[in-house]
Amino acid sequence: MKIDGKPYRTIFPAADGASVAVIDQTRLPFAFELKTLATLDDAAVAIRTMVVRGAPLIGVTAAYGLALGLRADASVSGLDRAVDTLAATRPTAINLRWALDRVAAKLRTVPTPERAGFAYAEAGRIAEEDVESCHAIGVHGARILGDLHRAKGRTINVLTHCNAGWLATVDWGTALAPIYVAHDAGIPVHVFVDETRPRNQGAALTAFELNAHGVPHTVIADNAGGHLMQHGAIDVCIVGSDRTTASGDVCNKIGTYLKALAASDNRVPFYAALPFSTIDWTLDDGVREIPIEERDGREVTHLTGRLADGGFATIEVVSPGSPVANPAFDVTPARLVTGIITERGIATADAEGLLSLYPERRSLSNLSKR
């Protein structure tokens with residue numbers, strides 16, 4: 001994807017060949033800045049503070065962070081310490097643990113002096129795979145939008161929640177990838193962008209992306225989605241996922257469940273778009289089994305924005321002294337999900353649907369044995 005006509009990825013090897021550069025997403029949409037990650041702690045802090053965010057990008061950053069940690073200590077204890085440090089940064093997104101487990105498992109047979117270089121190269125391979133997967137998600141998902149356009153003969157209105165675009169991955173995105181592919185193919189699409197409180201990833205990041213790519217869109221308050229569905233203004237909902245169970249339950253940014261309920265009530269198709277690395281084959285019941293991250297209440301009580309004079313300020317918006325809860329995610333049960341868009345195609349949101357796309361997982365899935 002491009003910023004001011006120049007192609008960028010969210011994470012890429014730095015010029016020194018030893019560190020990595022990332023887009024600092026805490027500075028968007030008002031400032032586009034790159035940040036260098038040179039150490040394990042740099043990577044851990046970037047993930048924890050959401051300099052980088054989005055399940056696929058978190059996974060890739062963790063893989064690079066592991067390589068950076070091994071440059072300082074490539075021993076078995078150093079490897080274990082790096083894995084534990086990175087795994088503790090964000091508990092909900094399964095891609096983080098998946099990437100760490102993949103790299104660590106391969107490193108066990110690599111000679112100690114070669115581990116850092118091997119891990120750095122493996123992180124690069126994971127990044128390339130993510131780009132390919134996300135583009136494939138876009139191709140499969142664009143067929144849904146194309147079919148809707150042919151059936152309705154007009155611009156297709158898509159509702160999305162949070163940011164599941166290229167800023168949440170290495171490139172292309174998950175939920176936004178079908179929109180980019182459709183738009184580039186000449187299919188007229190318009191996106192209703194949930195602001196996505198409390199961190200406003202929709203208003204800040206999704207809108208930034210769509211602006212940069214020239215995709216027509218409108219930012220709406222989070223609570224407006226149901227109203228628009230009631231009045232026929234939404235043709236389809238597409239969201240991302242931070243963890244999806246083997247049974248098709250979808251964990252995504254807080255507020256997604258409410259959109260799915262409204263979509264079900266108004267017979268609006270509701271899809272989740274995600275790569276294979278987001279599926280947790282060990283879990284069956286997302287509501288009860290997926291750990292939900294509880295973030296700092298200050299994200300709810302305070303807002304930061306740009307002033308009329310171009311400066312920035314952080315303001316308090318909640319009554320002082322009031323207790324605040326800030327769960328970062330919720331789980332949409334599979335019964336509310338029309339389908340799951342992956343790099344291999346579109347599956348029904350159930351065990352058989354997912355296993356039809358990933359038959360190699362059948363012997364490992366608890367659900368397939370019932």
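All residue numbers refer to positions counted from 1 along the written sequence of the respective chain. The model is predicted, so local features are restricted to residues of pLDDT at least 70 and side-chain atom pairs to those at 80 or more, both for listing and for counting; the totals for chains, interfaces and linings are taken over all residues. Side-chain numbers come from the whole structure's heavy atoms, not from hydrogens or water.

1. Structural notes on the overall build of the protein chain
Each helix corresponds to a stretch of at least 4 residues labelled H or I by DSSP, and each strand to a stretch of at least 2 residues labelled E; elements are numbered beginning at the N terminus. A tally of regular secondary structure across the protein chain gives twelve helices and 18 strands. We take the radius of gyration over the C-alpha atoms and set the globule estimate at 2.2 Å times the residue count to the 0.38 power. For 370 residues, the compact-globule estimate of 2.2 N^0.38 gives 21 Å, and the C-alpha radius of gyration of the protein chain, at 20 Å, lies within 12% of that figure. Taking the principal axes of its C-alpha atoms as reference, the protein chain extends roughly 60 × 60 × 45 Å. Burial classes follow relative accessibility: with a 1.4 Å probe on protein chains only, a residue under 20% of its type's maximum area counts as buried, one over 50% as exposed, and anything between as partly exposed. Scored against the burial criterion, the 370 residues of the protein chain give a buried share of 57%. Roughly 15,000 Å² of accessible area belongs to the protein chain as shown, and the carbon and sulfur atoms make up 52% of that amount. We get accessible surface area from the Shrake-Rupley algorithm with a probe of 1.4 Å; when it comes to residues, only the shown protein chains can shield them.

2. Digging into the environment of L228
Of note, L228 is situated in helix α8 (residues 225–230). Not counting residues up to four positions away in its chain, the partners in contact with L228 are F192, I220, A233 and I234. Only heavy atoms matter for contacts: two residues are in contact if any of them lie within 4.5 Å across the pair.

3. Description of the sheet that holds strand β13 (residues 279–280)
Pairing between two strands requires that DSSP report at least two bridges joining them. Within the open sheet, the four strands sit side by side as β13-β10-β11-β16. Their pairing is mixed. Looking at strand neighbours, the two that pair on one side only are β13 and β16 (329–332), the edges of this open sheet. Summarising the sheet, strand β11 (residues 250–253) and β16 pair through four bridges and their orientation is antiparallel. Note that in β16 the partner of K253 across the bridge is F329. Sheet strands touched by helix α9 (residues 256–265): β11 and β16. Its angle to β16, the strand with the most contacts, is close to 30°. Helix axes are fitted to C-alpha atoms over the stretch in contact, other axes to C-alpha atoms as well, and angles between N-to-C directions run from 0 to 180 degrees.

4. What about the nonpolar core?
With 79 residues, the main nonpolar core has L66 and L145 as its most contacted residues. Here this core gets 13 residues from one element, more than from any other, and that element is helix α5 (residues 115–152). If you look at the next biggest cluster of nonpolar residues, it comprises 30 residues, including I234, C237, A263 and A349. The nonpolar core is taken to be a set of buried Ala, Val, Leu, Ile, Met, Phe, Trp, Tyr and Cys residues, with the residues joined through side-chain atoms within 4.5 Å.

5. Some thoughts on empty space enclosed by the protein
Residues are called lining when one of their atoms sits within 4 Å of a cavity or pocket point, these points coming from a 1 Å grid over the protein atoms alone, where a cavity is a set in which a 1.4 Å probe fits but cannot get out and a pocket is an open set with protein on both sides within 12 Å along at least five of seven lines. Grid points are joined across faces, edges and corners, and a volume is the space filled by probe spheres set on the points. Summed over the entire model, instances satisfying the criterion amount to two cavities of 30 Å³ or more. Volume-wise, the largest cavity comes out at about 170 Å³. Looking at the lining of the largest cavity, the elements that each hand over two or more residues are α2 (55–72) and β11. Considering each element in turn, the lining of the largest cavity owes the most residues, three residues, to α2. In the lining of the largest cavity, the residues fall into eight nonpolar, eight polar and four charged. For this scheme, ten residues count as nonpolar: Ala, Val, Leu, Ile, Met, Phe, Trp, Tyr, Cys and Pro. Four count as charged, namely Asp, Glu, Lys and Arg, and the remainder, Gly too, count as polar.

6. Quick notes on unusual backbone geometry
The omega angle of the peptide bond from L28 to P29 is 10°, so this bond is cis rather than trans. Mapping P29 onto the fold places it in the loop between β4 (20–23) and β5 (34–37). One non-glycine residue with positive phi stands out, namely C162, at about 65°. Given a relative accessible area of 7%, C162 falls into the buried group. Phi is positive for R267, which is not a glycine, with a value near 55°. In this structure, R267 sits in the loop between α9 and β12 (270–273).

7. Re the packing of aromatic side chains
Each Phe, Tyr or Trp ring, with Trp reduced to its six-membered ring, pairs with another whose centre is within 6.5 Å; inter-plane angles below 30 degrees give stacked pairs, above 60 give edge-to-face pairs, and intermediate values give tilted ones. Considering all chains together, one arrives at five aromatic pairs under this definition. Seen in terms of ring centroids, Y8 and F32 are 4.9 Å apart; in terms of plane orientation they differ by 65°. Their pairing is edge-to-face. In this pair, Y8 is assigned in the loop between β2 (6–7) and β3 (11–13) and F32 in the loop between β4 and β5, connecting sequence segments 24 residues apart. With 5.3 Å between their ring centres and 70° between their planes, Y64 and Y120 make a pair best called edge-to-face.

8. Some points on the sheet that holds strand β9 (residues 236–239)
Strand pairing in a sheet relies on backbone hydrogen bonds, with the paired strands running either antiparallel or parallel. Reading across from one edge, β8-β7-β6-β9-β12-β17-β18 is the order of the seven strands in this open sheet, with mixed pairing throughout. Because the sheet does not close on itself, it has two edges, and the strands there are β8 (217–220) and β18 (345–347). Here the average twist between neighbouring strands, direction ignored, is 25°. Judged from the three bridges that link them, strand β17 (residues 339–342) and β18 form a sheet pairing that is antiparallel. By the bridge assignment, T342 is partnered in β18 with G345. α5 contacts β6 (156–160), β7 (189–194), β9, β12, β17 and β18 of the sheet and is inclined by roughly 130° relative to β17. Docked against the sheet, helix α7 (residues 201–213) engages β6, β7 and β8, running at close to 160° with respect to β7.

9. Things to note about helix α6 (residues 177–184)
The element α6 is largely enclosed, with a buried count of six among its eight residues. Restricting attention to buried positions, one finds in α6 the residues A177, P178, I179, Y180, V181 and A182. Elements that come into contact with the buried residues of α6 comprise α5, β6, β7 and α7. A positive phi of about 90° marks G186, the residue just after α6.

Everything listed here is a matter of geometry and, on its own, says nothing about what the molecule does.
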